[in-house]
Amino acid sequence: MAQAVVPAMQCQMGVRGRSAVRARPAAGGRVWGVPRRTARSTSGFKVLALGPETTGVIQRMQQLLDMDTTPITDKIIAEYIWVGGSGIDLRSKSRTISKPVEDPSELPKWNYDGSSTGQAPGEDSEVILYPQAIFKDPFRGGNNILVICDTYTPQGEPIPTNKRHMAAKIFSDPKVSSQVPWFGIEQEYTLMQRDVNWPLGWPVGGYPGPQGPYYCAVGSDKSFGRDISDAHYKACLYAGIEISGTNGEVMPGQWEYQVGPSVGIDAGDHIWASRYLLERITEQAGVVLTLDPKPIQGDWNGAGCHTNYSTLSMREDGGFDVIKKAILNLSLRHDLHIAAYGEGNERRLTGLHETASISDFSWGVANRGCSIRVGRDTEAKGKGYLEDRRPASNMDPYTVTALLAETTILWEPTLEAEALAAKKLALKV
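Residues numbered from 1 in each chain as written. Predicted model: local features only at pLDDT ≥ 70, side-chain atom pairs only at ≥ 80, totals over all residues. Heavy atoms only, no water.

Caption draft 1: Layout of empty space enclosed by the protein. Inspection of every chain in the model, using the stated rule, returns five cavities of 30 Å³ or more. Forming the walls of the largest cavity are Trp82, Val83, Gln119, Cys149, Asp150, Thr151, Thr161, Asn162, Lys163, Arg164, Asp396 and Tyr398. Listing elements by their share of the lining of the largest cavity, those giving two or more residues are β4 (76–83) and β8 (145–152). Looking at the lining of the largest cavity residue by residue, the classes come out as four nonpolar, four polar and four charged. Considered as a void within the structure, the second largest cavity measures approximately 60 Å³ in volume. Lining the second largest cavity, in full, are Tyr214, Ala217, Lys222, Ser223, Phe224, Gly248, Glu249, Pro252, Gly253, Gln254 and Trp255. (1 Å grid on protein atoms, 1.4 Å probe; cavity = no way out; pocket = protein on both sides within 12 Å on 5 of 7 lines; lining within 4 Å. Points joined across faces, edges and corners; volume = space filled by probe spheres on them. Helix = DSSP H or I, 4+ residues; strand = E, 2+ residues; numbered from the N terminus. Nonpolar A, V, L, I, M, F, W, Y, C, P; charged D, E, K, R; others polar.)

Shown next as structure tokens:
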């Protein structure tokens, strides 16, 4: 008989401390949730003893983890975080900074061995980290920080996996910045049992009951991983990430959280920082995080990263016409967007399980089976936003947000192509 395995949590979380203080950012970088020098907080992550024989060791370790160093030294720990060679894996390492900082420009550049992350050859392995955004560190507490970085050669050229560099160029274009692009990103993810590569709460080698009871569900037989979701929620709030909500998803063991509204490049910074926190929390819980867009084949929902998007013109009176024009442009660059929206997305975008076919572009009001969904509230008010339902859960948020802005603000189709697309989509623009 198959046996359900739900790993016991090896950590508890109770993030303590005052709400995040947002510092003034300088050009080219962002600061989120950097605490004042006088703020005192300790890590809320507790290591639990796994047996009586380890109690003393665990207690001593916990004392060190909880130690608040702010009364002893001005020095802080900065965790430099960057995207690895696969384009989806996260890497990080720590360094001591002489005093608390309020802007990424105050932090030094750093380097790492790119040959060990698949980002540089062994004979020329140095990759340089440029600090770009700062968040409070919910693991270490105090004045310690998390630093989102992008990656460059020693000559100052962005390496191929540095998607932030191009996104920053697009968002700094006056035509784009004047439109104040807002993004709300719905990050879905799946929790897996570590040693069997099977979703959390599922019988090992077997399947739970059909989908239906699990979406936004409560109860030990329907909701698996709530402690991880809640711990992540609080950690994001503490860090200063613009997390706006969370919920259990349609497939058991799958969850979603939402980040936004965020403006421009901030959307990508906040998603990557939130993913880092989620990786760290699942690491402590002994559970594996996967962003695979279709982790289980068959009659099970995949995992997406629906991206809600609007410009200033869309949010003003008459904005629905601007939204329709954006949808027309998106239809003409459908293949380009699909190619940039995540690996393995063809396994998810089948036309089933609340998706549109990867081969066809479609739009509709309140239709979750379309490529682009427009909410009924937007239709009724004549202004608002659109939801791009095509991005996979493993998409790069810098790429997706920048491409949406480029296609809808900077790119213009020929009149002939526009007319043909408008007729096909029954759009009056």
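After that view of the structure, there is still more to cover.
Caption draft 2: Summary view of the packing of aromatic side chains. Under the criterion given, the structure shown has eleven aromatic pairs. Both rings, one in Trp198 and one in Tyr207, keep their centres 5.4 Å apart while their planes meet at 75 degrees; by these two values the pair is edge-to-face. Trp198 gets classed as buried once you look at its relative accessible area, which sits at 17%. Owing to a relative accessible area of 47%, Tyr207 belongs among the partly exposed residues under this scheme. With a centroid separation of 5.9 Å and 55 degrees between ring planes, the pair formed by Trp202 and Tyr207 is classed as tilted. The structure contains a cluster of three or more aromatic residues connected by ring pairs, namely Trp198, Trp202, Tyr207 and Trp300. Lys136 extends its terminal NZ or CZ atom over the ring of Tyr238, reaching a point 4.1 Å from the ring centre. Sitting over the face of the ring of Trp272, Arg275 holds its NZ or CZ atom 4.7 Å from the ring centroid. (Phe/Tyr/Trp six-rings, centres within 6.5 Å; stacked < 30°, edge-to-face > 60°. Buried < 20%, exposed > 50% of the residue type's maximum accessible area, 1.4 Å probe, protein only. Lys NZ or Arg CZ within 6 Å of the ring centre and 35° of its normal.)

Caption draft 3: Region of the structure containing the pattern of salt bridges. Scanning the model with the defined rule gives 15 salt bridges in all. Here Asp269 makes a salt bridge to Arg164, at a shortest N to O gap of 3.0 Å. Placement of the pair is Asp269 in helix α5 (residues 266–285) and Arg164 in helix α2 (residues 164–172), with a sequence separation of 105 residues. What makes Asp269 buried here is its relative accessible area of 0%. Sharing partners across several salt bridges, the network here consists of Glu79, Asp137 and Arg140. (Salt bridge = Lys/Arg side-chain N within 4 Å of Asp/Glu carboxyl O.)

Caption draft 4: Looking closely at the pairing of strand β9 (residues 182–193). Counting buried positions along β9 gives eleven out of twelve residues, so the element sits mostly inside the fold. Strand direction decides the pairing type here: β9 and strand β14 (residues 307–310), joined by four bridges, are antiparallel. Its bridge partner lying in β14, Phe183 is registered against Tyr309. Across eight bridges, the pairing between β9 and strand β12 (residues 254–263) is antiparallel. Among the inter-strand pairings, Glu188 is bridged to a residue of β12, identified as Glu256. Of the pairings in the sheet, the one linking β9 to strand β13 (residues 287–290) comprises four bridges and is antiparallel in character. (Pairing = 2+ DSSP bridges.)

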